[in-house]
Amino acid sequence: MESDDLFVNVNKHIDAADERLVQLRDFFFKEFSTKAEFFVKVPGRVNLIGEHVDYSGFPVCPMALSQNILLAVATSPNNDDIIHLKNMQSKYKSFKCSIDHIKIELPKPGTYPGWHNYFLCGVKGILDYIHKMGDYPRKGFLVAVSGNIPPAAGLSSSSALVCSAALTTAFLYDLPLNKTLLATLSASSEHYIGTQGGGMDQAIAFLAKKGCAQYIEFNPVRATPIQLPPDAVFVIANSLAEANKAATSDFNKRVVECRIATKLLAKFTDRPWQDIEKLGQLQSEVLDVELEEFEALIKKHLTKDVYTKDELMSIFHIHEKEFEEKMLTPNTKDEKEFKLKQRALHVIQEAIRVEHFRHVTDNADDDDEEDAIDQMSELMKRSHKSLRNLYECSHENLEELIKISKEFGVGARLTGAGWGGCIVALTDSITTCDRYIATLNECYYDLMPQAKHLEFDQICFATEPQNGAEIFIAEFS
Ligand code: GLA
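Given the structure is predicted, the values throughout are model-derived calculations rather than measurements.

## Here's the deal with the sheet that holds strand E1 (residues 8-14)
- One open sheet accounts for 7 strands, arranged E1-E15-E2-E3-E6-E4-E5; its pairing is mixed. Every interior strand has two partners, whereas the edge strands, E1 and strand E5 (95-98), have only one. Between one strand and the next, the sheet's axes are offset by a mean angle of 30°, whatever the strand orientation.
- Of the strand pairs in this sheet, strand E3 (residues 62-75) and strand E6 (residues 141-147) are connected by 7 bridges, and their pairing is antiparallel. Looking at E6, one finds that alanine 72 is bridged to alanine 144.

As structure tokens, this is what we get:
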């Protein structure tokens, strides 16, 4: 069996053609007047199917992108306990703080968290873990960051930064570089920023493999490769509507609605609702029913379009304070209405689509590749429809891209959290892919003034599955 440990590639040969890495090395030296000791690379991701199901405990199917976060790192030459952070993009301001005084600032409503807060989440997650095992020596370090994952686009730029910080800290503090452990710690440490993501982004960041997507299960995290049909080409198109899930309460509201739906179903089926947090846990561990039976239970028990806070408190026999503590998050504590039926139905039907998608890819052989791509496309279309109608996390720009894709004849869906960001589409050959990209350019980007200032291949591109996180000591030629 393959090791779950991340291998440190010592003396990795880098040639001058790897411009980004060479520039990062030079930037590091210029800023810190010392050489970088090692480098860390963590990819962004695109989720093919299985959206908004990970925090309910159901599997997802993402793959890693070639866009990534690159770090150049050295231990602090003064042996101090300061973390120094510099970003190659000047719009991201430099930052420093002591290892003992990590303070993660939650964003004010409507604003984005400062970029360094994501890095601090990863550092804090690892330090808290080490701390539980005893005291540790304080080691400061110098970090220069180069990122080319489009921000606020649903391609996991923030999680890649969290994961890169976690990997750096784990390496510097001699923690075993176990990928599953790093993915799990990175997922929980991103919660420090206030959003309660489900762990998909961090899992694929560490467990991705070149050439295949991954079927990722949770609790515990594990990944099984998904072989994609050889002719399948996935395209990512950025709607250019920015969506940062930490800037609004939309994301956490969905997490909360899924949690309340779980507890309500548990109550209606006479299970201990206090202890059950996730729909997946209720379905597989507590009720032990198939996904389809669980869907029928949701339809039977969650009948109303809207549940109010007052009626839920009365059903659960709890007061406001307990309701807020057990069900809500700080940024959703004022919410008064919840769409439990719609959210739970999306989750369970999306979980069924994921199983179907996996089955199609597992069973696709050369003779029926076309049919496999058709079935995968159909599942992606239905996934999007559900995200738009039941989960209400689309955006008018995404809808326009989906409409163009439909008219062109490819299956497409929003990817990532939604409310903006990107779509992912499935084409059946390089030729179709090229024609599709040209159509998007003509029918969407050409009509958008802001697209004129952007490089087209950064906002609309074909993508192939890449490897997960890497750590290496570079030898430059
Ligand atoms: C964000 C979260 C993930 C997942 C997706 C939606 O990317 O970080 O955990 O919930 O949204 O599928």
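Alright, that's what it looks like, and here's the rest.
## Overview of the nonpolar core
- Counting residues in hydrophobic clusters, the biggest one holds 78 residues, and the most contacted among them are Ile260, Phe294, Leu302, Leu312, Phe323, Leu340 and Tyr445.
- In terms of residue count, helix H6 (residues 250-268) provides more of this core than any other element does, 9 residues in total.
- Those residues in contact with isoleucine 260 that sit more than four places away from it in its chain are Leu312, Phe316, Phe323, Met327, Leu328, Phe338 and Leu340.
- Of all hydrophobic cores here, the second largest spans 75 residues; its members include Ile83, Ile126, Ile226 and Val424.

## A short note on the site of the ligand
- Taken together, 14 residues are adjacent to the ligand, and Glu51, His52, Asp54, Gly198 and Asp201 come closest.
- A distance of 3.0 Å separates an oxygen atom of the ligand from a polar atom in the side chain of arginine 45.
- Backbone polar atom of glycine 198 to an oxygen atom of the ligand: 2.9 Å apart, as the coordinates give it.
- Against a free-state accessible area of 310 Å², the protein chains account for coverage of 97% of the ligand.
- Classifying every residue of the shell around the ligand by side-chain character gives 4 nonpolar, 5 polar and 5 charged.

## A look at the UniProt feature "domain: Galactokinase N-terminal" (unreviewed entry) in the protein chain
- The feature "domain: Galactokinase N-terminal" (unreviewed entry), as given by UniProt, occupies residues 28-74 in the numbering adopted here.
- A distance of 9 Å separates the end C-alpha atoms of residues 28-74, which is 11% helix and 49% strand.

## Thoughts on unusual backbone geometry
- Following asparagine 219, the chain continues to proline 220 via a peptide bond in cis, the omega torsion being 0°.
- Positioned with a positive phi, asparagine 79 is a non-glycine residue whose angle comes to about 55°.
- Within the element layout of this structure, asparagine 79 appears in the loop between E3 and strand E4 (82-87).
- Even without being a glycine, serine 156 presents a positive backbone phi close to 70°.
- Checked against the element boundaries, serine 156 lands in the loop between E6 and helix H3 (157-172).

## Quick word on a negative patch on the surface
- Taken together, the side chains of Asp231, Asp365, Asp367, Asp368, Glu370, Asp371, Asp374 and Asp428 make up a negatively charged region of the molecular surface.
- With respect to the helices and strands, aspartate 428 occurs in the loop between strand E13 (422-427) and helix H14 (430-443).
- In this structure aspartate 428 comes out as partly exposed when scored by relative accessible area, which is 38%.

## Observations regarding the packing of aromatic side chains
- With the rule as written, the count across this model stands at 11 aromatic pairs.
- Seen from their ring centres, tyrosine 444 and tyrosine 445 are 5.0 Å apart, and the 90° between their planes marks the pair as edge-to-face.
- Judged by its relative accessible area of 2%, tyrosine 445 falls in the buried class.
- Where tyrosine 445 meets phenylalanine 456, the ring centres are 5.6 Å apart and the plane angle is 75°; that geometry is what we call edge-to-face. Separated by 11 residues along the polypeptide, tyrosine 445 in the loop between H14 and helix H15 (456-459) and phenylalanine 456 in helix H15 bring together distant segments of the chain.

## What to know about the pairing of E3
- Most of E3 is tucked away: 12 of the 14 residues are buried.
- Pairing of strand E2 (residues 38-47) with E3, which is carried by 9 bridges, proceeds in the antiparallel orientation. Considered in E3, the bridge of valine 40 is made with leucine 71.

## Describing the environment of aspartate 446
- Inspection of the secondary structure assignment puts aspartate 446 in the loop between H14 and H15.
- Residue classification places aspartate 446 among the partly exposed positions, given a relative accessible area of 46%.
- Once the C-alpha coordinates of aspartate 446 and valine 42 are considered, the two residues, 404 residues apart in sequence, prove to be 32 Å apart.
- Look past the residues within four positions of aspartate 446 in its chain and what remains in contact with it is Asn441 and Lys452.

## Brief notes about the sheet that holds strand E9 (residues 233-238)
- Strands sit in the order E12-E13-E9-E14 across an open sheet of 4 strands; the sheet is antiparallel. At either end of the open sheet lies a strand with only one pairing partner, and these are strand E12 (411-415) and strand E14 (460-463). Within the sheet, the average angular offset between the axes of one strand and its neighbour, ignoring direction, is 25°.
- Note: E9 against E14, 4 bridges, orientation antiparallel. By the bridge assignment, valine 235 is partnered in E14 with alanine 462.
- Its contacts with the sheet put helix H12 (residues 369-389) on E9, E12 and E13, and the angle it makes with E12 is roughly 45°.

Each value, and the rule that gives it
- Residues numbered from 1 in each chain as written.
- Predicted model: local features only at pLDDT ≥ 70, side-chain atom pairs only at ≥ 80, totals over all residues.
- Heavy atoms only, no water.
- Pairing = 2+ DSSP bridges.
- Helix = DSSP H or I, 4+ residues; strand = E, 2+ residues; numbered from the N terminus.
- Axes fitted to C-alpha atoms, helices over the stretch in contact; angles between N-to-C directions.
- Core = buried A, V, L, I, M, F, W, Y, C linked by side-chain atoms within 4.5 Å.
- Buried < 20%, exposed > 50% of the residue type's maximum accessible area, 1.4 Å probe, protein only.
- Contact = heavy atoms within 4.5 Å.
- Near = heavy atom within 4 Å.
- Polar contact = N/O pair within 3.5 Å; in protein donor to acceptor, adjacent residues only side chain to side chain.
- Areas by Shrake-Rupley, 256 points an atom, 1.4 Å probe, with all protein chains shown as cover.
- Nonpolar A, V, L, I, M, F, W, Y, C, P; charged D, E, K, R; others polar.
- UniProt positions renumbered as here; feature names shortened; annotations may be inferred.
- Patch = residues over 30% accessible without salt bridge, like charges linked within 9 Å, V, L, I, M, F, W, Y side chains within 5 Å.
- Salt bridge = Lys/Arg side-chain N within 4 Å of Asp/Glu carboxyl O.
- Lys, Arg positive; Asp, Glu negative; His and termini not counted.
- Charge placed at Lys NZ, Arg CZ, Asp CG, Glu CD.
- Phe/Tyr/Trp six-rings, centres within 6.5 Å; stacked < 30°, edge-to-face > 60°.

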